[in-house]
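# Structural characterization, general
Residues per chain, in single letters:
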Protein chains: 2
Amino acid sequence: MKKREITILGAGLVGSLLALLFEQRGYQVKVYERRSDMRKNKLSAGRSINLAMSVRGWSALEMAGIKKEMEDISIPMLGREIHMGNEPTKFQYYGKNEEAIYSISRGELNKRLMELAEKGGVEFFFDHKCEEVNIDTNEITFSTQNGESKVKADLLIGGDGAFSALRTAYTKKDRYNYEQFYVEHGYKELNIPPGPNGEHLINKEALHIWPRKNYMVIALPNQDGSFTCTLFFPYEGTPSFNSIKTKEDVQAFFEEQFPDAVPLMPALLDDYFENPTASLVTVRCSPWYYEEKSLIIGDAAHAIVPFYGQGMNAGFEDCRILMELIDRHGDDKWDIILKHYNTLRVENGRAISDLALKNFIEMRDLVADPEFLRRKKLEKEIGRLFPDRFNSVYEMVSFSNKQYSYAQDCQKAQDRLMAKVLADPTFQNGEIDEKEKPIIENWLRDYEEEVSAFTQ
Amino acid sequence: MKKREITILGAGLVGSLLALLFEQRGYQVKVYERRSDMRKNKLSAGRSINLAMSVRGWSALEMAGIKKEMEDISIPMLGREIHMGNEPTKFQYYGKNEEAIYSISRGELNKRLMELAEKGGVEFFFDHKCEEVNIDTNEITFSTQNGESKVKADLLIGGDGAFSALRTAYTKKDRYNYEQFYVEHGYKELNIPPGPNGEHLINKEALHIWPRKNYMVIALPNQDGSFTCTLFFPYEGTPSFNSIKTKEDVQAFFEEQFPDAVPLMPALLDDYFENPTASLVTVRCSPWYYEEKSLIIGDAAHAIVPFYGQGMNAGFEDCRILMELIDRHGDDKWDIILKHYNTLRVENGRAISDLALKNFIEMRDLVADPEFLRRKKLEKEIGRLFPDRFNSVYEMVSFSNKQYSYAQDCQKAQDRLMAKVLADPTFQNGEIDEKEKPIIENWLRDYEEEVSAFTQ
């Protein structure tokens, strides 16, 4: 049986990985990308140039056999380092076993995925902006430097990001559910350059956070010794992008709020005024496929805010799940594959989008709260004492391939469990002795009973 | 000062009334409508041909000075008449003072609004389908029978319905919040013709409901003695549009579920198979204006499900509020007018869309529940005893111009109040004696304190 021809919109991370995975299964794949070939151009600055890869991302790369290669260009971050102002920073491990999330360059990763796909025979067409898709005929209209170009796809896949043209066509069909909304914050990229000898000027193995309740700065390490920083800041109100307008405003504001960061950012003012202020969209929609003709994947299906570091990870997981369905059902069972893909992924997309919104509050506010830090410490203690029986929601999301919806379902049960632990004076110092284990075990049984009802 | 020229997309109910209201204020108004002139054509059957006008609708018509004229073509419905099958029907008043909602023909109302607007000098352009709006330049591209036509608007108003082209242009701008979703039910229009002498065959002064938990039929009276009926039915499951497919299925299903309706519907099978199954969309978006250039109104801004009978009423209220803002601030204060319009209406649009979704459950299920009927009876008793101090949420929505958001805010407080009343054995029979008044008054004070925090 002849395999269907695959046409992918978008040569971003998800589109490129997906192309590679299809190619590895013997499919003929064409990828159309709006931008020009990033391998021939300098990456545009000011737009999220590094990412945090965690287990879901690695699992998909492992499926493609390229995990090792990508590990070589990533930097492990073992925890959060919290900058409170003039007091010493606090370090907080992400996992109970020193599991890391990995800072990796978006551009470098994307280029390598394209190289690998192209080497396998995938054809890339750059400077093809998708203007319209007729989802009934799968005819695609591109605008190119040489005018309009039309392509007819067999199986069409929209990996074309948060503003997907394929999804826009879906939204015009009867009974299509669609939602886009923006948080009140925008973001702006800033930069901490390497030290005089190319060294990292702050702890390299951490994701740095300057939490300031309603806003924050974060920093992720790059391989060249620099850190990419991001200011998440409200558009309106005081302080906000709207209220901090002049060079003097910015300088004064940063010196007051981020005194330890200012000396590390010699180009602060240039970065602030030259880099764009970008918005943060959440997109939810359903279904993620149309008949047996097309599907959407990655940000096109579930653009989320970046606060759980799961955008790329969720998109890569979409790819892995889709491949598993093809491997299980066979190359000719697209009715079954697409229905299952939809059933398995829509709900998880919704779950991670909720979790990501919630994590913004955790990052910008709660991580500076001693009671929250005690909870995090006690969660790790419980995980250490009962390694097979307790994983925090953060650990499930970042260090497992369990369903996002399962992690979300467990959240409330964990909140109840931890409320008991936190209220008990025995655990005031955030530690649990061996002899106190039975108290915890008792509560843990209630927790386990509660979560046993949820689907992993 | 020269008044701005008004360009309205859509000559439906809201577009036509709005045109009239602007014209009455000395504005030059042009209206572009996708369809041909309904005054020259037979109205297309099978799509919601009558509506329930309540106080908000009347208030807007009163502002236009045409309330009396429209009353003459409407039929008061004083309450719901519940058809349970083989037992006698039950009648339930909508208001404590026999207030009515009014069944009115969509086509007749629309034609008269157009007539009045045109007589005043409004220009209508039919067969103009809006293909695209450039909201920065206000250039509109229409397709017409004579090819493409371009118009440049001064102040552009989208009254172009649930699938508004102007709103679609809004959704493509950064930071635009937008949501569309469909309930699991669709609807299909059916018909009860007049009796042999043109008389109504069931109570003319009622909105008839055949509640069947997960689905229902309703019927609204028409002036010619007929009733327009609507079946609200799930798309999938059993029973559903998907499961009831053959003529035999339909006949058997209706005879079992709606035995008293079948003899009234001689064309049941033809109607069922000839009339389309239509979907029920909810649209929420924000903001409802763009710079000082355009705004959206009516279904374009807040398509809602029809279960509170508020779609047209909410749209007409938009028109009244917009006119009040113009009258208050002056014809040249469009920055203030549009900001206030947005602030006042977005929240109310969201409130009525929630209330309408909730009322579906009330109509199709709760109205058949004796305990719910007792609550409704007791609400009227409390309203009768304390006429200035208690109005049910239904009364606020249908018989007042109080904000929808206020009615929604009061819902939970009323739920708490009524829980106390329902739980007290004194009021088991659904009646309240004069001597029991102090018990109620005591609880009512708690209720009043709670709702005093809300904005009316």
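Scroll up to find the structure this text is about.
Residues numbered from 1 in each chain as written. Chains lettered and ligands numbered in written order. Predicted model: local features only at pLDDT ≥ 70, side-chain atom pairs only at ≥ 80, totals over all residues. Heavy atoms only, no water.

## Quick look at the side chain of Thr230 of chain B
Formally: Think of it this way: any DSSP run of H or I at least four residues long counts as a helix, any run of E at least two long counts as a strand, and we number them from the N terminus. Contacts were defined at the residue level, with two residues in contact if any of their heavy atoms lie within 4.5 Å.
Counting through the fold element by element, Thr230 of chain B comes out in strand β16 (residues 227–234). Once you skip the residues sitting within four places of it in the chain, Thr230 of chain B turns out to touch Tyr187, Lys188, Met216, Val217 and Ile218 of chain B.

## Regarding the packing of aromatic side chains
Both the distance between ring centres and the angle between the ring planes are used here to describe each pair of aromatic rings. Selection criterion: In this analysis, rings of Phe, Tyr and Trp, with Trp reduced to its six-membered ring, are considered paired at centre separations within 6.5 Å, and the interplanar angle assigns stacked below 30 degrees, edge-to-face beyond 60, and tilted for intermediate values. Between buried and exposed lies partly exposed: a residue is buried under 20% and exposed over 50% of the maximum accessible area for its type, with that area taken using a 1.4 Å probe on protein chains only.
Taken as a whole and judged by the stated rule, the model has 61 aromatic pairs over all chains. Consider the rings of Phe241 of chain A and Tyr272 of chain A, whose centres lie 6.3 Å apart with planes at 40 degrees: the pair is tilted. Pair noted here: Phe241 of chain A is in the loop between β16 (227–234) and α6 (247–257) and Tyr272 of chain A is in helix α7 (residues 268–274), with a separation of 31 residues, a long-range link. The two residues Phe241 of chain A and Tyr272 of chain A agree in class, both being buried. Note on Tyr32 of chain B and Phe125 of chain B: the rings are 4.7 Å apart at their centroids and 10 degrees apart in plane angle, and the pair reads as stacked. Residue Tyr32 of chain B is found in strand β2 (residues 29–32), and its partner Phe125 of chain B is found in strand β8 (residues 123–125); the two are separated by 93 residues along the sequence.

## Points about the pattern of salt bridges
Here is the rule: By definition here, a salt bridge exists when the distance from a side-chain nitrogen of Lys or Arg to a carboxyl oxygen of Asp or Glu is within 4 Å.
Under the counting rule described, the total for this entry stands at 81 salt bridges over all chains. When the shortest N-O distance is used, the salt bridge between Glu115 of chain A and Arg39 of chain A registers 3.9 Å. Of this pair, Glu115 of chain A sits in helix α4 (residues 106–119) while Arg39 of chain A sits in the loop between β2 (29–32) and β3 (50–53), and the two are 76 residues apart along the sequence. A salt bridge links Asp37 of chain B to Lys40 of chain B, with the shortest nitrogen-to-oxygen separation between them at 4.0 Å. The exposed category is assigned to Lys40 of chain B, whose relative accessible area is 70%.

## Re the interface of chain A and chain B
Condition: Residues adjacent in sequence count toward polar contacts only when both atoms are side-chain atoms; beyond that, a polar contact is any pair of N or O atoms within 3.5 Å, and within protein one must be able to donate a hydrogen and the other to accept it. Any two strands between which DSSP finds at least two bridges are classified as paired.
In this assembly, 15 residues from chain A lie in contact with 15 residues from chain B. Joining chain A to chain B, the criterion identifies zero salt bridges. Across the chain A-chain B interface, the total number found is twelve residue pairs in polar contact (both at pLDDT 80 or more). Summarising the sheet, strand β13 (residues 177–192) of chain A and strand β13 (residues 177–192) of chain B pair through three bridges and their orientation is antiparallel. Its bridge partner being in β13 of chain B, Tyr178 of chain A is matched across the sheet by Gln180 of chain B.

## Brief notes about the nonpolar core
What counts here: To qualify as a nonpolar core, a set must consist of buried Ala, Val, Leu, Ile, Met, Phe, Trp, Tyr and Cys residues joined through side-chain atoms within 4.5 Å.
The biggest cluster of nonpolar side chains holds 155 residues, and the ones touching the most others in it are Phe22 and Phe316 of chain A together with Phe22 and Phe316 of chain B. Once residues within four sequence positions are removed from consideration, Phe316 of chain A is found in contact with Leu13, Val14, Leu17, Met53, Arg56, Gly57, Ala60, Leu61, Leu109 and Leu113 of chain A. In terms of nonpolar packing, the next biggest core, distinct from the first, is built from 55 residues, Met77, Tyr308, Met396 and Leu417 of chain A among them.

## A closer look at the side chain of Ser294 of chain B
Residues and elements named next belong to chain B. For Ser294, the location among the structural elements is in strand β19 (residues 294–296). In this structure the side chain of Ser294 is engaged in a polar contact, spanning 2.7 Å, whose partner is the side chain of Tyr170. In this structure Ser294 touches Asn138, Leu155, Leu156, Leu166, Tyr170, Tyr289 and Leu338, once residues within four positions along its chain are discounted.

## Points about the packing of helix α1 (residues 13–24) of chain B against helix α4 (residues 106–119) of chain B
All names here are of chain B. Heads up, the rule is: Helix axes are fitted to C-alpha atoms over the stretch in contact, other axes to C-alpha atoms as well, and angles between N-to-C directions run from 0 to 180 degrees. Convention used here: angles under 35 degrees read as roughly parallel, angles over 145 as roughly antiparallel, angles from 65 to 115 as roughly perpendicular, and any remaining angle as oblique. Crossing handedness: left-handed means the near helix sits turned counterclockwise from the far one by under a right angle, and right-handed means the same turn made clockwise. Three classes are used: nonpolar for Ala, Val, Leu, Ile, Met, Phe, Trp, Tyr, Cys and Pro, charged for Asp, Glu, Lys and Arg, and polar for all others, with Gly counted as polar.
Two elements in contact, α1 and α4, have axes separated by 9 Å at closest approach and are oriented at 25 degrees. Comparing their axes, α4 and α1 come out roughly parallel. Considering the relative orientation of α1 and α4, their crossing is left-handed. Mapping the contact onto sequence places Leu13, Ser16, Leu17, Ala19, Leu20 and Glu23 in α1 and Arg106, Leu109, Asn110, Leu113, Met114, Leu116 and Ala117 in α4. When grouped by side-chain class, the residues that make up the contact of α1 with α4 number nine nonpolar, two polar and two charged.

## Section: the sheet that holds strand β10 (residues 139–144) of chain A
Residue and element names in this part refer to chain A. An order of β9-β10-β11 is seen for the three strands of this open sheet, with the pairing classed as antiparallel. This sheet does not close on itself; its edge strands, each paired only once, are β9 (129–134) and β11 (147–152). Neighbour to neighbour, the strand axes of the sheet diverge by 25 degrees on average, direction disregarded. With five bridges connecting them, β9 and β10 associate as antiparallel partners. Residue pairing in the sheet places Asn134 in a bridge with Glu139 of β10.

## Some points on the sheet that holds strand β4 (residues 74–77) of chain A
All names here are of chain A. Taken in spatial order, the three strands make up an open sheet running β3-β7-β4, and their pairing is antiparallel. One side of each edge strand has no neighbouring strand; the edge strands of this open sheet are β3 and β4. Neighbour-to-neighbour, the strand axes of this sheet turn through a mean angle of 30 degrees, independent of strand direction. Note that β3 and strand β7 (residues 101–105) share four bridges and pair antiparallel. From the neighbouring strand, Asn50 faces β7, where its bridge partner is Ser105. The strands touched by α4 within the sheet are β3 and β7, with β7 carrying the most contacts at an inclination of about 75 degrees.

## Quick word on the packing of helix α13 (residues 404–423) of chain A against helix α14 (residues 437–451) of chain A
Residues and elements named next belong to chain A. Where α13 meets α14, the axes come as close as 10 Å, and the angle between the chain directions of the two elements is 155 degrees. Taken together, the axes of α13 and α14 lie roughly antiparallel to each other. You can see that α13 and α14 cross each other, and the crossing is right-handed. The segment α13 lies against α14, with Tyr406, Cys410, Ala413, Gln414, Arg416, Leu417, Lys420 and Val421 engaging Ile440, Trp443, Leu444, Asp446, Tyr447, Glu450 and Val451. Of the residues belonging to the contact of α13 with α14, the class tally is ten nonpolar, one polar and four charged.

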